[in-house]
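# Architecture and fold: a report
Here is how the chains run, residue by residue.
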Amino acid sequence: MTAIVDLRSKIRAALGTAVDTSSWPDDLLDAGVRQALPLLAEHLPPDEETIVCTAGHEQDFSALTDLFQIAAIGWPWSDDEGVFRHVQWRPLGKRHIYIEGGKPCAGDGLRLRYWKKITVAGLDGAAASTLPSECVDLLTTGAAGYALFTRLRQIGENPAAPKTAHTGYVQIAGHFLARFSIGCQQLGASAPLTAWTAMGL
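For every chain, the first residue of its written sequence is number 1, and the numbers climb from 1 along that sequence. Totals for whole chains, interfaces and linings use every residue, but because this is a predicted model, local features are given only for residues with pLDDT of at least 70 and side-chain atom pairs only at 80 or more, for both listing and counting. Each side-chain value is worked out from all heavy atoms of the structure, with water and hydrogens disregarded.

## Remarks on the pairing of strand β6 (residues 109-116)
- Only protein chains enter the accessibility calculation, which uses a 1.4 Å probe. A residue is then buried if its area is under 20% of the maximum for its type, exposed if over 50%, and partly exposed in between. A helix here means a DSSP run of H or I that spans at least four residues, while a strand means a run of E at least two residues long, and both kinds are numbered starting from the N terminus. For β6, the buried fraction is high: seven of the eight residues fall into the buried class.
- Across six bridges, strand β1 (residues 47-52) lies against β6 in antiparallel orientation. Residue E48 lies in a different strand from β6, and its bridge partner there is R113.
- Alignment of strand β3 (residues 67-74) against β6, held across six bridges, turns out to be antiparallel. Residue Q69 lies in a different strand from β6, and its bridge partner there is W115. Two strands pair if DSSP finds at least two bridges between them.

## Here's the deal with the pattern of salt bridges
- Here, a salt bridge means any Lys or Arg side-chain nitrogen found within 4 Å of an Asp or Glu carboxyl oxygen. What the rule picks out here adds up to ten salt bridges.
- Linking R12 and D26 is a salt bridge whose minimum nitrogen-to-oxygen distance equals 2.8 Å. Taken together, the residues span a long stretch of sequence, with R12 in helix α1 (residues 4-15) and D26 in helix α2 (residues 26-41) at a distance of 14 residues.
- Three or more residues joined by partner-sharing salt bridges are found here, namely R8, R12, D26 and D30.

Below, the structure is given as C-alpha cells:
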C-alpha cells in the first residue's frame, strides 16, 4: 500500500529537491497529489454496480461513497437480459440523478457504470490507499508537475527571485505534465471492452 509519506519521497526524488528541501514542504507536494488524482481516476477503467431503484425519476447513489464520476446508466437492467438499454439521465448532484428516459418502479434493476475515487492513505484523512500499484509512478510524475506550477506562482510573487529559475521550472513542469497526460491517455486506451458497447457507449 502506497501512503502519502511514500509519495512525498518519490516526488522529492523526481524533483531533485535535496539541495533546497525547505522550498518543497509537505503541503505543496500534497496539493500536487490532489490535483493529479482526479485526472488519473477518470482514465482508469470504470467499475459497474447493480442498484435497486426507488420509485420515481430521481435516484440517489449516496451509499456509493467511492463514486467519483458517473460514466453511464443502463435501465431497466436484468442480469439475464440479452440487450442492455442505455437510458438518458441528468445530474442533480454528485450522487443524485434524474432519469429522463423513463420512470423507474421500486425494485427495478439499474446498472451504474462509474469511476471510483482514488484514495491515498494519510491524505485528507484516508485510512487506506486505493491507488493501483502500477499507477504510483504515473501519479508521482503528475504530482511533481503540479507542485512545480504551484512553486512557479510562489516565485512570481517574489520580486527578488531570479527570472532564470522561473523559466527552468516552466520547462520542467511542462515536461512532467506532458508525460502524465500521455500516461493517463494510454491507461484509458488499454481499458477492456465490455458489454456496454451494445448500448452505444
